[in-house]
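Topology and contacts: notes
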Amino acid sequence: MSRRDRTPNLMNVYARWRPPTPSEAVAGEIDRGTSADGRPLVSVSVHRKDSASDRPWSSPAAFKTIFTPEDDNAAVYRAIIAPVIPNVLRGETCSFFAYGHSGSGKTHTIMGYDFEHTERLGLCLAATRQLFKELDALQQREGGHGFGVGLSLYELRKNSAFDLLNGRTECHIREGYDGKMHIRGQTEVLEGGKVRVQPIVQRPCWTYESLHQELQHSLGRRSVGSSTVHDQSSRTHAVLELELINRPLVEARQALIDRQSELVPVGKRATDISIEEQSNMVLRTAEGGWEPNPAYRPNQARIDEAVASKAEYEARVTAAEEHVAGVLESNSHTCLGGKMVFVDLAGAEYQRDKSGQPQTAKQTPQERQEGRQINTDLLALKEVIRAWSTNQPRIPFRSSPLTMVLREHFVGPKNATSAMIVTVSPAKAQYPATLNSLKYGSLVGAER
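So, how was this worked out
- Residues numbered from 1 in each chain as written.
- Predicted model: local features only at pLDDT ≥ 70, side-chain atom pairs only at ≥ 80, totals over all residues.
- Heavy atoms only, no water.
- Helix = DSSP H or I, 4+ residues; strand = E, 2+ residues; numbered from the N terminus.
- Buried < 20%, exposed > 50% of the residue type's maximum accessible area, 1.4 Å probe, protein only.
- Contact = heavy atoms within 4.5 Å.
- Areas by Shrake-Rupley, 256 points an atom, 1.4 Å probe, with all protein chains shown as cover.
- Pairing = 2+ DSSP bridges.
- Salt bridge = Lys/Arg side-chain N within 4 Å of Asp/Glu carboxyl O.
- Expected span 1.5 Å × (residues − 1).
- UniProt positions renumbered as here; feature names shortened; annotations may be inferred.
- Phe/Tyr/Trp six-rings, centres within 6.5 Å; stacked < 30°, edge-to-face > 60°.
- Lys NZ or Arg CZ within 6 Å of the ring centre and 35° of its normal.
- pLDDT = per-residue confidence, 0-100.
- Core = buried A, V, L, I, M, F, W, Y, C linked by side-chain atoms within 4.5 Å.
- Domains from an automatic or database assignment.
- Axes fitted to C-alpha atoms, helices over the stretch in contact; angles between N-to-C directions.
- Parallel < 35°, antiparallel > 145°, perpendicular 65-115°, else oblique.
- Left-handed = near helix turned anticlockwise from the far one by under 90°.
- Nonpolar A, V, L, I, M, F, W, Y, C, P; charged D, E, K, R; others polar.

Moving on: the overall build of the protein. Each helix and strand counted, the protein has 12 helices and 19 strands in total. Residues counted as buried form 48% of the 448 residues belonging to the protein. A sequence separation of at least 24 residues applies to 71% of the contacts in the protein between residues at least 6 apart. Accessible surface, the protein as shown: approximately 21,600 Å² in total, 50% of it carbon and sulfur.

Dropping the structure here:
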């Protein structure tokens, strides 16, 4: 069966209207409606009705559900997240994206601002709370080595990632020899010449309370700035990963990092010896060229010893990688490696007001440049989702750092459900931004 004949991947798209503020209610709301017509997906229509020239816009059938301003975070959780918890417990990966303009409620939906009231928790914390309940039940039934949730949280800004669990340390996005994308922090020089490049921090949390505290503390490090809507807008894409772990998995991964750090100086020594021996085999001529050095014979024994030592340490790394894979593939703990990925996308920028002029009065040149990068990332994400959902032979992951980082969550062997929540404002003053958000969502979720 060819790639084009396969069943398309599934990306459910939802829209969520946030409640209007008192001032927005006074100024007037967008006239809006939905239509199902017996189809599995819903279309949405909006109409500003400010003048006789205003025309309504209706989307194609693209949205799984339209949440009203009366639907709280608990209702969104029950509809989108709760049904896929069993998938995660089977070791699958589920990804959730919040898209919308600044001030539309993305961060409120994904991360939440109220960390105390259960019904107001952001989707990530509500999911974590349920995961710990399920893991505790699994522990009581099967025993074993204590299950937990590994927390990673970083933000993407331009071409770098910033680790919010590690003091907002700048990390670099690199493609490895295996074709996978890696986010690496600063290089550490350890005792004995060992060199370690620490990956993005994953904090093992063994209780819901500890993860709750880590998340609340780390979210305070997010970068904010002026947008076209308000002065405290998230100007980065935040990526939060929750992975089901146990202590043997944590220990195996730490051992792999240690073996990799041991390999670095040994591999460097083998390379240096090879270069040194080759350099001694030639001489510089008076004309500035090179000629063979007949007086030097390469020390092959020295080269062979260095290569053999490198091979020994490479074998240790391979054994450590196999051990990690063995722990993950353990039949008795199929939940291990299951992931939930929550992406709080930066607000779409450069919306236009009624006169057609960009709403950028409050922005500096640097902030406008950031806005252009955000829009580039969001366009790249849309193209990736459309190519992925229709099983295209080429998916343009390299179009932006955002899509490069998210690659493994689209092509991983255990990928399950992906969903996008388009958050929109009912305020007439934000009609252009709301319309653009709904158009973006309809392009991603339209029936194919």
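Time to look at the sheet that holds strand E3 (residues 43-47). In space, the three strands of this open sheet follow the order E2-E3-E4, with antiparallel pairing throughout. This sheet does not close on itself; its edge strands, each paired only once, are strand E2 (31-35) and strand E4 (57-58). As judged from the two bridges shared by E3 and E4, these two strands associate in the antiparallel manner. Within the sheet, the bridge partner assigned to Ser45 lies in E4 and is Ser58.

Right, let's talk about unusual backbone geometry for a bit. When glycine is set aside, most residues are seen to have a negative phi, and most peptide bonds are trans. The phi dihedral of Lys158 falls on the positive side, at around 60°, and the residue is not glycine. Locating Lys158 in the fold gives a position in the loop between strand E7 (147-157) and strand E8 (160-163). Among the residues examined, Lys158 registers a relative accessible area of 38% and is labelled partly exposed. One non-glycine residue, Arg168, lies in the positive phi region at around 60°. Here Arg168 lies in the loop between E8 and strand E9 (169-175). Among the residues examined, Arg168 registers a relative accessible area of 26% and is labelled partly exposed.

With respect to the helices and strands, Thr285 occurs in the loop between strand E16 (282-284) and strand E17 (290-292). Looking at Thr285, the relative accessible area reads 18%, which means it is buried. With residues up to four places along the chain from it excluded, the contact list for Thr285 reads Trp290 and Glu291.

Take the pattern of salt bridges next. When the charged atoms of two side chains lie near each other, side chains of opposite charge can form a pair. Tallying each qualifying case throughout the model produces 14 salt bridges. With its nearest N and O atoms 4.0 Å apart, the salt bridge here joins Arg90 to Glu92. With a shortest N-O distance of 2.6 Å, Glu155 and Arg168 are connected by a salt bridge. Residue Glu155 is located in strand E7, and its partner Arg168 is located in the loop between E8 and E9; the two are separated by 13 residues in the primary sequence.

This next bit is on helix H9 (residues 365-389). One full turn of an α-helix is made of 3.6 residues, so residues set three or four places apart face in the same direction. The terminal C-alpha atoms of H9 lie 36 Å apart, and with 25 residues this matches the ideal 36 Å at 1.5 Å per residue to within 8%. Asn391 sits one or two positions beyond H9 and adopts a positive phi of about 55°.

Turning our attention to helix H8 (residues 300-328). Here H8 is 29 residues long and its end C-alpha atoms lie 42 Å apart, about the 42 Å a rise of 1.5 Å per residue gives. For H8, every residue scored as buried is listed here: Ile303, Ala306, Ser309, Val317, Ala320, Val324 and Val327. Residues of H8 that are buried sit in contact with strand E15 (237-246) and helix H7 (247-280).

We now examine the pairing of strand E1 (residues 11-17). Most of E1 is tucked away, with seven of its seven residues classed as buried. Residue alternation in E1 divides its side chains into two sets, Met11, Val13, Ala15 and Trp17 and Asn12, Tyr14 and Arg16, and both sets are buried.

Feature annotation in UniProt places "binding site: ATP" (unreviewed entry) on Gly100, His101, Ser102, Gly103, Ser104, Gly105, Lys106 and Thr107, given in this structure's numbering. Apart from the residues lying within four places of it in its own chain, the contact partners of Gly100 are Lys106, Ala346, Gly347, Ala348, Thr423 and Ser437.

Within the structure shown, the criterion is met by three aromatic pairs. Where Tyr99 meets Tyr440, the ring centres are 3.8 Å apart and the plane angle is 10°; that geometry is what we call stacked. Taken together, the residues Tyr99 in strand E6 (residues 93-99) and Tyr440 in helix H12 (residues 431-445) connect sequence positions 341 residues apart. An identical accessibility class is assigned to Tyr99 and Tyr440; each is buried. Of note, Arg32 hangs over the ring of Trp17, and the distance from its end group to the ring centre comes to 4.9 Å. A cation sits over an aromatic face here: Arg247 above Trp206, 4.1 Å from the ring centre.

To continue, consider the confidence of the model for the protein. Put simply, the protein has an average pLDDT of 84, and 88% of its residues get 70 or more. For the protein, strand E14 (residues 233-234) is the element with the lowest average pLDDT, namely 56, and strand E12 (residues 203-205) is the one with the highest, namely 95. Taken together, the stretch residues 1-7 has pLDDT below 50 and engages in 10 contacts with residues farther than four places along the chain or on a different chain. Here residues 353-358 is modelled with pLDDT under 50, and outside its nearest four sequence neighbours on either side it reaches seven contacts, counting other chains as well.

Here we take up the nonpolar core. The biggest cluster of nonpolar side chains holds 54 residues, and the ones touching the most others in it are Ile80, Ile81, Phe96, Leu240, Met340 and Phe342. The greatest single-element share of this core, amounting to nine residues, is contributed by helix H5 (residues 123-142). When residues of this core are sorted by domain, at least three fall in each of domain 1 (11-246 + 334-445) and domain 2 (256-324). Look past the residues within four positions of Ile80 in its chain and what remains in contact with it is Tyr14, Phe67, Phe96, Ala419 and Ile421.

Moving on, we get to the packing of H5 against helix H6 (residues 208-219). In helix packing, the relevant descriptors are the interaxial angle and the interaxial distance, both defined with respect to the helix axes. The N-to-C vectors of H5 and H6 enclose an angle of 160°; their axes lie 10 Å apart at closest approach. The orientation of H5 with respect to H6, classified from their angle, is roughly antiparallel. Here H5 and H6 pass one another in a crossing that is right-handed. Counted together, Cys124, Leu125, Thr128, Arg129 and Phe132 of H5 and Tyr208, Leu211, His212 and Leu215 of H6 form the full contact between these two elements. Split by residue class, the contact of H5 with H6 holds six nonpolar, two polar and one charged.

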